[in-house]
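A structural walkthrough
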Amino acid sequence: MINKAVAALNERLSGELSGTAKFVLSGEGTIMLDSSGVRAGDETADVVLTAEPSVFQAILEGETNPTAAFMTGQLSVDGDMGLAMQLANVLS
């Protein structure tokens, strides 16, 4: 799951992010996004987004809107909300 997500996010990430983000996929691992790209890893980040793997997969496949997932509690965000909004555009 992590490797597929890294590949999918690398394809979508155009331009640089204004910080460092981490996706935590419960029970699977973590993904880092920053100006150098997307990779598997677990480092300090400006914003941390946490979701179940099935929710994250649905977001990547366009079946679930990231904002809707946040509003319904399926996606939690801790940290820089501005950066989280940038990521919502990448994921949509």
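Now for a look at the structure at hand. (Residues numbered from 1 in each chain as written. Predicted model: local features only at pLDDT ≥ 70, side-chain atom pairs only at ≥ 80, totals over all residues. Heavy atoms only, no water.)

Notes on the overall build of the chain
Across its full length, the chain holds four helices and five strands. Helices and strands in the chain line up, N terminus first, as α-β-β-β-β-α-α-β-α. Against the compact-globule benchmark of 12 Å for 92 residues, the chain has a radius of gyration of 11 Å, which places it among compact chains. Principal-axis analysis of the C-alpha atoms places the extent of the chain at approximately 30 × 25 × 20 Å. Within the chain, the proportion of its 92 residues that are buried is 42%. Look at the contacts in the chain between residues 6 or more apart in sequence, and 63% of them connect residues 24 or more apart. When the accessible surface of the chain is summed, it comes to about 4900 Å², and 47% of that surface belongs to carbon and sulfur atoms. (Helix = DSSP H or I, 4+ residues; strand = E, 2+ residues; numbered from the N terminus. Rg over C-alpha atoms; globule rule 2.2 N^0.38 Å. Buried < 20%, exposed > 50% of the residue type's maximum accessible area, 1.4 Å probe, protein only. Contact = heavy atoms within 4.5 Å. Areas by Shrake-Rupley, 256 points an atom, 1.4 Å probe, with all protein chains shown as cover.)

Regarding the environment of Pro53
Relative to the helices and strands, Pro53 is located in helix H2 (residues 53-60). Residues in contact with Pro53, not counting those within four places in the same chain, are Met1, Leu25, Ser26 and Glu28.

What about the sheet that holds strand S2 (residues 29-34)?
Strand order across the open sheet formed by five strands is S3-S2-S1-S4-S5, with mixed pairing between neighbours. Single-partner strands in this sheet number two, and they are strand S3 (37-40) and strand S5 (75-79). Between one strand axis and the next, the sheet turns by 20° as a mean value, whatever way the strands run. Pairing of strand S1 (residues 21-25) with S2, which is carried by five bridges, proceeds in the antiparallel orientation. (Pairing = 2+ DSSP bridges. Axes fitted to C-alpha atoms, helices over the stretch in contact; angles between N-to-C directions.)

A look at the nonpolar core
Membership of the largest hydrophobic core comes to 27 residues, with the highest contact counts inside it found for Leu9, Phe23, Ile31, Leu33, Val47, Phe56 and Leu87. Examining the composition of this core, we find that five residues originate from one element, helix H4 (residues 81-91), more than from any other. Filtering out sequence-adjacent residues up to four positions away, Leu87 remains in contact with Leu17, Ala21, Phe23, Leu33, Val47 and Leu49. (Core = buried A, V, L, I, M, F, W, Y, C linked by side-chain atoms within 4.5 Å.)

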